[in-house]
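Single-letter residue listing:
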Amino acid sequence: MTGTKDIWVLGDYRNYFHSRVTLQILARAAGLSAKTGGRVCALVFGDHVDEYVNEYIAHGAETVYVIDDPALKDYSVENYSFLMTRLVKEFKPETLLVGATRFGQEIAPRVAKYLKTGLTADCIDLDIDAKGRLVQIAPSFGGNLIAKIITPEKRPQMATIRPGTFQELKHDNDAEGEVIRLPLPSDLPAKKIRCIRSEYKPSRNRKLEEADIVIIGGRGMGSKRKFKKLFELAELVNGEVGATRPVVYADWISHDALVGQAGKHVKPRVLFSFGVSGAIQHTAAVTDADFIVAINKNPNATMMKMADVAIMADANQVCSGIIRAVKEKIRD
Amino acid sequence: MFKIIVCIKQVPMVSELPWDSKTGTLKRELAQGMMDPASRRALEAALRIKEDRAGEDQETHITVISMGPEMAREILYEAKALGADNGVLLSDRKMAGADTFLTSFILAEYIKKESPDFDLLLCGSQTSDSETAQVGPQLAGELLIPAMGYVQSIELDDGMVRVQRHVDDFMELLEMDLPGLLTIDQGAYSPRYVALEGIERAFHTDDIRTVNAGDLGLDRDFNALKDSPTRIIDVYSPATRKENQVLKGAVKKVVGQLFDEYGKIISGAMGKDLKTHDHEGAK
Ligand SMILES: Cc1cc2nc3c(=O)[nH]c(=O)nc-3n(C[C@H](O)[C@H](O)[C@H](O)COP(=O)(O)OP(=O)(O)OC[C@H]3O[C@@H](n4cnc5c(N)ncnc54)[C@H](O)[C@@H]3O)c2cc1C
Ligand SMILES: Cc1cc2nc3c(=O)[nH]c(=O)nc-3n(C[C@H](O)[C@H](O)[C@H](O)COP(=O)(O)OP(=O)(O)OC[C@H]3O[C@@H](n4cnc5c(N)ncnc54)[C@H](O)[C@@H]3O)c2cc1C
C-alpha cells in the first residue's frame, strides 16, 4: 500500500452553472491536504474539456489528469468508472472524492467496488483524525442521525459529497497547475448502455431547493386564502414558498412545492415554518436549514422542538406581523 | 421465461422510531420493521412487468431476496403475498454489520450460485434507513453487468430494456443490454399494498428458504463487520443538540423580539439591510 498522499476529485462538469459541487470539493480538499500533505488533483474526462481543466486550476487544483478524446463525448458511467479505476490503480491517490450528483452516486459505488475499497455516501462534512485518516460524516434516517465513518485500511478512501456542503474558493486566474494529459486506453470495454435521447430539462421549482429563505406553510395556516399571505412574505424577503403534504393535497399550492420525503429537500439559511406539526416525512427534508423559526399554537409540536426560535402563537397572525415588521424595516 | 430478481431490505418503521430522548439516539432494537419503501417500488416494477407480459401470454418469474436478520422474513412473505414467486432470506450472524461493499458481495454470491440465469435485477434507489444508494450499483459491479439508476419507466425489448429517467436535470431515454440491473426512482411505480390476511395466508402456505454463510460457500472466518472496508465510529442525532428559544405572548411583541434578536440572521439571508431596533440604533 505504497501510495501517494494525493486527494483526487472527479471533475463532474455537466450542469456546470448549477452544480458547483466539484469546485466546492476542491476547496475542502485544499483544507484537508494542508493537514495530510499531498496534492489536490482533479480528474477530467471528455471531449474538448480544456475550459474545465482551467477552471479547476483556478479553483484550487494543483494537478489535473485529463483524458480528452471524442470517444468520451457522452457522460457515461461505463467509461468513467473504467477510466477512474485504471488511473487510481496507476497513480495511487490516498483519497478519492466525488460529488453526490446522480451521476456521482452511480459512478462512485462502481469504482469503489472495482478498487475493493470503502465508500461513504452523501457526506456533509469531512475531516482528518489524529492518525491522518479521512473522517467521513454522513446523514442517515433522513438527517435524523449522523454517522462518522472511516476507511481504516483500504485505499483510496472514498466518499461522495452532497452538493452545497462546502464553499468554493474564489476564482484565481493567476493560479498555476500541472496538467497531465493521458491517452485514451485502447481497451475501453464495449458499451452495453446506449443513449437514445438526452434533453436538458431542469426541474421546475429548483428555486425552492436553492433559496436562502424558505417559507413553509402547513395545515395550520387554515385555508387557501390565508395561505396566500405566505407568498406576500416570500416576495418581501426574497424567499420561496414550500408546503406540507396536506396543503398540496388540498391544492393550496401546486405539488412541486411539497417539501419532504416525497418532495423536495431544502437547505436555506433561514427557514420559517408556519403551522407545521413536524412529521418525520416532512422534517427529514428540512434539517439542513441553518436557522429555523417555527410558528405553532402547540408548543409541543416536533417542529417547535426542532426550531431555533419557536413562536407559540397563531400562524396567520404572526405571518401578518412579520410582513408588517419587514415592511417597516425596509421602508427607508 | 423472463427471470427477474428483486432485492428488498427490511428497515425500521421511520414514523415510529423509538428515540431515546435523553441520549438522542435511536433504540433500533425496539423499532418495528417494514419493507424499505424504495425496495417496494422495485418490487412494484417487477409485478407490473409480470402483469404486462401475462397479458401477452408470456411467463415471468420473480424471485425476491433479502439479506438481514430472521425478522426480515416478514417482508419476504409480504412480497410473496403481493405476487412474487419465490423468496429467499440470506441470514447469518456472520453477515451482520456488512457495509454496502459486503452487502452487494453477499447478494451477488447468492445470485451467482443459485440464479445466474436471471434477465433483470431490480433494486430500490435508496433505502429509508442508511440511504447510501450504493447497493444497486455495487451489485452490478460485482456481477459485471450494466446498470442504470433512478429509472422511471421500463420497456422490455428483445434482449434489452429501454428506460426513461430524469437525472441531474436531464431527461434521458436509454437502452441497456440484458442481463442488467435497474434501480427504481423514488417517484415512480407507486406501490400497491396487500391486506393483512394476504400476508397471513402467505405465512401459512409459503416457504421462504434461508441461506447462511456456509450455504454460500463463504470462508469459515468470514465476518462482515470485520471485513467491511468502512467502519462507523460514531452515530449521533443532530436535532437534539439544538438550543431552542420559545417566544410567546402578543403577536406584536413576539415579532418584535424575533427581529431584535435575530434580525441580522434574517436580513443576511434576505440580502437586504433591515433597520435595527431603536435602542440598538441609539447606542
Ligand atoms: C409515505 C408518506 C410520505 C409522506 N411524505 C410527506 C412529504 O414529503 N412531505 C410532507 O410534508 N408530508 C409527508 N407525509 C405526511 C406527513 O406524515 C404529515 O402528515 C404532514 O407532514 C403533516 O402536515 P402538516 O404539518 O401541515 O399538518 P398537521 O400534522 O395537521 O399539523 C398542523 C399543525 O398546525 C398547528 N396549527 C393548527 N392551527 C394553527 C394555528 N391557527 N396557528 C398555528 N399553528 C396551528 C397544529 O398545532 C399542528 O402542529 C408523508 C406521509 C407518508 C405516510
Ligand atoms: C447510520 C449508518 C450509515 C451507514 N453508512 C454507510 C456508508 O456510508 N457506506 C457503506 O458502505 N455502508 C454504510 N452503512 C452500512 C449500510 O447500511 C449497509 O451496508 C446496508 O446493508 C445497505 O445500505 P443501504 O441501506 O444504504 O442500501 P441502499 O444502497 O440505499 O439500498 C438500495 C437498494 O439496494 C437493495 N438492498 C440494500 N440492502 C439490501 C439488503 N440487505 N438485502 C436486499 N436488498 C438490499 C434494496 O433494493 C434497496 O432499495 C451505514 C449504516 C448505518 C447504520
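Provided above is the structure to which this section pertains.
Here is what the cut-offs are and how they apply
Residues numbered from 1 in each chain as written. Chains lettered and ligands numbered in written order. Predicted model: local features only at pLDDT ≥ 70, side-chain atom pairs only at ≥ 80, totals over all residues. Heavy atoms only, no water. Helix = DSSP H or I, 4+ residues; strand = E, 2+ residues; numbered from the N terminus. Buried < 20%, exposed > 50% of the residue type's maximum accessible area, 1.4 Å probe, protein only. Contact = heavy atoms within 4.5 Å. Areas by Shrake-Rupley, 256 points an atom, 1.4 Å probe, with all protein chains shown as cover. Lys, Arg positive; Asp, Glu negative; His and termini not counted. Charge placed at Lys NZ, Arg CZ, Asp CG, Glu CD. Near = heavy atom within 4 Å. Polar contact = N/O pair within 3.5 Å; in protein donor to acceptor, adjacent residues only side chain to side chain. Pairing = 2+ DSSP bridges. Axes fitted to C-alpha atoms, helices over the stretch in contact; angles between N-to-C directions. Parallel < 35°, antiparallel > 145°, perpendicular 65-115°, else oblique. Left-handed = near helix turned anticlockwise from the far one by under 90°. Nonpolar A, V, L, I, M, F, W, Y, C, P; charged D, E, K, R; others polar. Buried area = accessible area lost by both parts, 1.4 Å probe. Salt bridge = Lys/Arg side-chain N within 4 Å of Asp/Glu carboxyl O. Expected span 1.5 Å × (residues − 1).

How would you summarise the overall build of chain A if you had to cite specific residues and measurements?
Each helix and strand in chain A was counted, giving 11 helices and 16 strands. Taking the principal axes of the C-alpha coordinates as reference, chain A spans close to 65 × 50 × 45 Å. Looking at chain A residue by residue over its 332 residues, the buried ones come to 58%. Expressed as a percentage of contacts within chain A between residues at least 6 apart in sequence, the contacts between residues at least 24 apart total 63%. On chain A, roughly 14000 Å² of surface is accessible, and the fraction owed to carbon and sulfur atoms is 48%. Here chain A contributes 46 positively and 40 negatively charged side chains, and the mean placements of these two sets differ by 9 Å.

Describe the site of ligand 2, and please don't skip the residues or the numbers.
Near ligand 2, the surroundings consist of 35 residues, among which Cys7(B), Lys9(B), Thr127(B), Ser130(B) and Thr132(B) are the closest. Here a nitrogen atom of ligand 2 sits 2.9 Å away from a polar atom, N or O, in the main chain of Met67(B). Residue Gly124(B) places a main-chain N or O atom 2.9 Å away from an oxygen atom belonging to ligand 2. Compared with its free state, where it exposes 940 Å², ligand 2 has 93% of that area covered by protein. Elements with a minimum of two residues in the shell around ligand 2: strand E5 (119-123) and strand E8 (145-150) of chain A together with helix H1 (37-55), strand E6 (60-67), helix H3 (100-114) and strand E8 (120-124) of chain B.

Describe the sheet that holds strand E9 (residues 157-161) of chain A, and please don't skip the residues or the numbers.
Residues and elements named next belong to chain A. Taken in spatial order, the 7 strands of this open sheet run E5-E9-E4-E1-E2-E3-E10, and their pairing is parallel. Each edge of the open sheet carries a strand with a single partner, namely E5 and strand E10 (178-181). The sheet shows a mean angle of 20 degrees between the axes of neighbouring strands, direction not considered. Bridge analysis of strand E4 (residues 95-99) against E9 gives 5 bridges, and the strand direction is parallel. Its bridge partner lying in E9, threonine 95 is registered against glutamine 157.

Provide a residue-level description of the packing of helix H7 (residues 229-237) of chain A against helix H11 (residues 315-330) of chain A, including the pertinent values.
Residue and element names in this part refer to chain A. The interhelical angle for the contact between H7 and H11, taken along N-to-C directions, is 25 degrees, at an axis separation of 10 Å. As far as their axial angle goes, H11 and H7 are roughly parallel. Read as a crossing pair, H7 and H11 show a hand that is left-handed. On H11, the residues that touch Lys229, Leu230, Glu232, Leu233, Leu236 and Val237 of H7 are Asn316, Cys319, Ser320, Ile322, Ile323, Val326, Lys327 and Ile330. When the residues that make up the contact of H7 with H11 are grouped by side-chain class, the tally is 9 nonpolar, 2 polar and 3 charged.

Tell me about the interface of chain A and chain B, and name the residues and values.
Contacts between chain A and chain B engage 83 residues on the former and 78 residues on the latter. Overall, the association of chain A and chain B removes approximately 7300 Å² of surface from exposure, summing both partners, and the carbon and sulfur fraction of that is 60%. If you sort the residues of chain A by the area they bury against chain B, Lys113(A), Phe141(A) and Lys329(A) come out on top, with a joint share of 11%. Counting every contact that joins chain A to chain B gives 7 salt bridges.

Let's hear about helix H3 (residues 77-91) of chain A: which residues, and what values?
Residues and elements named next belong to chain A. Taking 1.5 Å of rise per residue, the 15 residues of H3 would be expected to cover 21 Å, and the 21 Å separating its terminal C-alpha atoms lies within 8% of that figure. Listed as buried for H3 are Val77, Asn79, Tyr80, Ser81, Phe82, Leu83, Met84, Thr85, Leu87 and Val88. In this structure, the buried residues of H3 make contact with strand E1 (7-10), strand E2 (40-46), strand E3 (63-68), E4 and helix H4 (102-115). Looking one or two places after H3, you find lysine 92, whose phi comes out positive at around 50 degrees.

Please give an account of the site of ligand 1 that cites residues and values.
Residue and element names in this part refer to chain A. Near ligand 1, the surroundings consist of 24 residues, among which Arg219, Thr244, Ala262, Ser277 and Asp314 are the closest. Arginine 219 places a polar side-chain atom, nitrogen or oxygen, 2.7 Å from an oxygen atom of ligand 1. At a separation of 2.8 Å, a nitrogen atom of ligand 1 approaches a polar side-chain atom of aspartate 314. In the complex, 75% of the free accessible area of ligand 1, which totals 980 Å², lies under the protein chains. Only helix H8 (245-249) and helix H9 (280-283) provide two or more residues apiece to the shell around ligand 1. Here the residues of the shell around ligand 1 are counted per class, giving 8 nonpolar, 12 polar and 4 charged.

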